[in-house]
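# Chains, contacts and geometry: an overview
One-letter residues, chain by chain:
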Amino acid sequence: MAKARLKEQKIIRDWCKGCGICIAFCPKKVLELDAEDKAVTVRPEDCICCRLCELRCPDLAIEVFKQEEE
Amino acid sequence: MAVTDYLRERFFPHMWCPGCGHGTVLNSLLRAIEELGLNKNNIVMTSGIGCSARISGYVDFHSLHTIHGRALAFATGVKLSKPGLKLLVPMGDGDALAIGGNHFIHAARRNIDITAIIMNNRIYGMTGGQFSPLSGPGKKATTAPYLTIDREFDIVELAKAAGATFVARSTTYHAKESIEFLKKAIDHKGFSVVEILSQCPTHYGRKNKEGDAPQMLENYRNNTAKIGSKALADDPSLIARGIFVDVERPEYCQEYDQIIERAMKE
Ligand SMILES: Cc1ncc(C[n+]2csc(CCOP(=O)(O)OP(=O)(O)O)c2C)c(N)n1
Ligand code: SF4
Ligand code: SF4
Ligand code: SF4
């Protein structure tokens, strides 16, 4: 099976409260907080699309879209 | 359907504090409902009062935001009048087991087909951090500046003893597990209880020096273990997670229907 690759990680900036949960528990350290304390995708190429960030986000601010497999 | 189809997005961003576990419970509950493919027009959520109870404002189901401790009483009324509807009742630990403790044990005793979700942050979040029947001894709260002395309830044991026919426990760290338990609970015919340990970084976390939200989640990871696991056998001080009860017993509305039938014959 081909490795899951990230197509897009949608983060609703207005909903994110900068709690850091997605960042602390991402197994691949894909996310960081920016200067305004909002989560941003900084290493999209490392994402394994496990969706843990999406499922744990208390503010429902993250959605992970996988690339369609060939 | 997408998860956002079950949300009242116009009320977002929601009112919960940064890192509040109650948002993750909402997240898990919506995923469970989406995965079950339920029609939102058949779902009724009743809630009482508390930070937790605010959840009913955010879901695009039929919803009743009622009075403190009485969410299950309202749910019982709705269910008896329209047994075809799915009743979901999220409650804080204070809402469910302090002021609402009686409603909780009697709903369990009757085995009425309602799913109770206890968002247990071990404190009264909304009113500023008073201790609750779930705080346990040795905890700091605004009403216990010199630490609590009360023993806490064990929600699983209490629900079991009162007669609930489905009882499970998870945490906001274990979101996938919570979704799985919620799906089973919602599918269960009878009174189902899912306790989800849910961090309140603002009051409980700050007063008890448990750190920020990610740190509190890490504690859930380190201080809990799956029932039947080696980790739990080796260290019984860990909090057990899992499905503790899953049995069948006559359901209240069905029994009541039989009474109606009998009465109509006479
Ligand atoms: C009859 C009544 N008594 C007391 C209150 C005050 N009150 C509001 S919320 C609450 C407790 C909230 O704690 P919990 O149910 O654990 O929910 P949380 O806010 O922690 O999510 C209390 C005592 C009330 N609203 N109504
Ligand atoms: S978990 Fe959600 S609210 Fe918290 S920082 Fe990440 S995106 Fe923002
Ligand atoms: S999907 Fe998994 S790997 Fe990708 S950003 Fe989220 S937590 Fe990290
Ligand atoms: S006070 Fe506690 S329970 Fe209430 S919203 Fe804030 S973190 Fe959540």
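Residues numbered from 1 in each chain as written. Chains lettered and ligands numbered in written order. Predicted model: local features only at pLDDT ≥ 70, side-chain atom pairs only at ≥ 80, totals over all residues. Heavy atoms only, no water.

### Side note on the overall build of chain B
Secondary structure assignment for chain B yields ten helices and ten strands. Across the 266 residues in chain B, those meeting the buried criterion constitute 54%. In chain B, once contacts between residues fewer than 6 apart in sequence are set aside, the share between residues at least 24 apart is 67%. Split by element, the accessible area of chain B, about 11,500 Å² in all, is 53% carbon and sulfur. Of the charged side chains in chain B, 31 are positive and 28 negative; the average position of the first set lies 3 Å away from that of the second. (Helix = DSSP H or I, 4+ residues; strand = E, 2+ residues; numbered from the N terminus. Buried < 20%, exposed > 50% of the residue type's maximum accessible area, 1.4 Å probe, protein only. Contact = heavy atoms within 4.5 Å. Areas by Shrake-Rupley, 256 points an atom, 1.4 Å probe, with all protein chains shown as cover. Lys, Arg positive; Asp, Glu negative; His and termini not counted. Charge placed at Lys NZ, Arg CZ, Asp CG, Glu CD.)

### What about the pattern of salt bridges?
Residue and element names in this part refer to chain B. The tally for this structure, following the rule as stated, stands at 20 salt bridges over all chains. Linking Arg-241 and Glu-177 is a salt bridge whose minimum nitrogen-to-oxygen distance equals 2.8 Å. With Arg-241 in strand E10 (residues 239–246) and Glu-177 in helix H6 (residues 175–187), this pair connects stretches of sequence that are 64 residues apart. Judged on exposure class, the residue Arg-241 and its partner Glu-177 are both buried. With a closest N to O distance of 3.7 Å, Arg-221 and Glu-218 form a salt bridge. (Salt bridge = Lys/Arg side-chain N within 4 Å of Asp/Glu carboxyl O.)

### Describing the interface of chain B and chain A
Accessible area lost when the parts come together is the quantity often used to give the size of an interface. In this complex, chain B contributes 29 residues to the contact, which on the side of chain A involves 18 residues. Linking chain B with chain A are one salt bridge. Here Arg-31 of chain B ties to Glu-54 of chain A by a salt bridge, and the two come within 2.9 Å at their closest N and O atoms. Of all the secondary-structure elements, those providing two or more residues to the side of chain B that touches chain A are helix H1 (21–36), H6 and helix H8 (213–223) of chain B. With six residues, the top contributor of residues to the side of chain B that touches chain A is H1 of chain B. Considering only residue class, the side of chain B that touches chain A consists of 17 nonpolar, seven polar and five charged. (Nonpolar A, V, L, I, M, F, W, Y, C, P; charged D, E, K, R; others polar.)

### Description of the site of ligand 3
Contacts to ligand 3 come from Gln-9, Cys-26, Pro-27, Val-30, Leu-31, Cys-47, Ile-48, Cys-49, Cys-50, Arg-51, Cys-53 and Val-64 of chain A. A breakdown of the residues in the shell around ligand 3 according to their chemical character gives ten nonpolar, one polar and one charged. (Near = heavy atom within 4 Å.)

### Description of the nonpolar core
Leu-26, Leu-29, Leu-30, Ile-33 and Phe-61 of chain B are the most contacted members of the largest nonpolar core, which has 51 residues in total. Counting residues in each nonpolar core, the second largest holds 30 residues, with Ala-71, Ala-96, Ala-108 and Cys-253 of chain B among its members. (Core = buried A, V, L, I, M, F, W, Y, C linked by side-chain atoms within 4.5 Å.)

### Side note on the sheet that holds strand E4 (residues 115–120) of chain B
Residue and element names in this part refer to chain B. Spatial ordering of the open sheet is given by E2-E1-E3-E4-E8-E7-E10-E9, a layout of eight strands whose pairing is mixed. Of all strands in the sheet, those with a lone pairing partner are strand E2 (62–65) and strand E9 (224–226), marking the two edges. Each strand axis lies, on average, 20° off the axis of its neighbour in the sheet, ignoring direction. As paired elements, strand E1 (residues 43–47) and E2 share four bridges and run parallel to each other. Bridge pairing in E2 links Ser-47 to His-65. Against the sheet, helix H2 (residues 71–81) contacts E1, E2 and strand E3 (86–92), and its axis sits at roughly 175° relative to E3. (Pairing = 2+ DSSP bridges. Axes fitted to C-alpha atoms, helices over the stretch in contact; angles between N-to-C directions.)

### So, H2 of chain B
Looking only at H2 of chain B, the buried set comprises Ala-71, Leu-72, Ala-75, Thr-76, Val-78 and Lys-79 of chain B. Here the buried face of H2 of chain B lies against E1, E2, E3, helix H4 (101–110) and helix H10 (252–265) of chain B.

### What about the packing of aromatic side chains?
In total, this model carries six aromatic pairs over all chains according to the counting rule given. Ring centres of Phe-25 of chain A and Tyr-173 of chain B lie 5.3 Å apart, and the angle between their planes is 75°; this geometry places the pair in the edge-to-face category. In this pair, Phe-25 of chain A sits in helix H1 (residues 21–25) while Tyr-173 of chain B sits in the loop between strand E7 (166–171) and H6, so the two residues belong to two different chains. Look at Phe-25 of chain A and you get buried, because its relative accessible area is 11%. Exposure remark for Tyr-173 of chain B: the relative accessible area of 14% places this residue in the buried category. Geometry around Tyr-173 of chain B places Arg-56 of chain A over its ring, the cationic atom sitting 4.2 Å from the centre. One residue, Arg-110 of chain B, lies across the ring of Tyr-252 of chain B, its end atom 5.8 Å from the ring centre. (Phe/Tyr/Trp six-rings, centres within 6.5 Å; stacked < 30°, edge-to-face > 60°. Lys NZ or Arg CZ within 6 Å of the ring centre and 35° of its normal.)

Geometry only, nothing functional implied.
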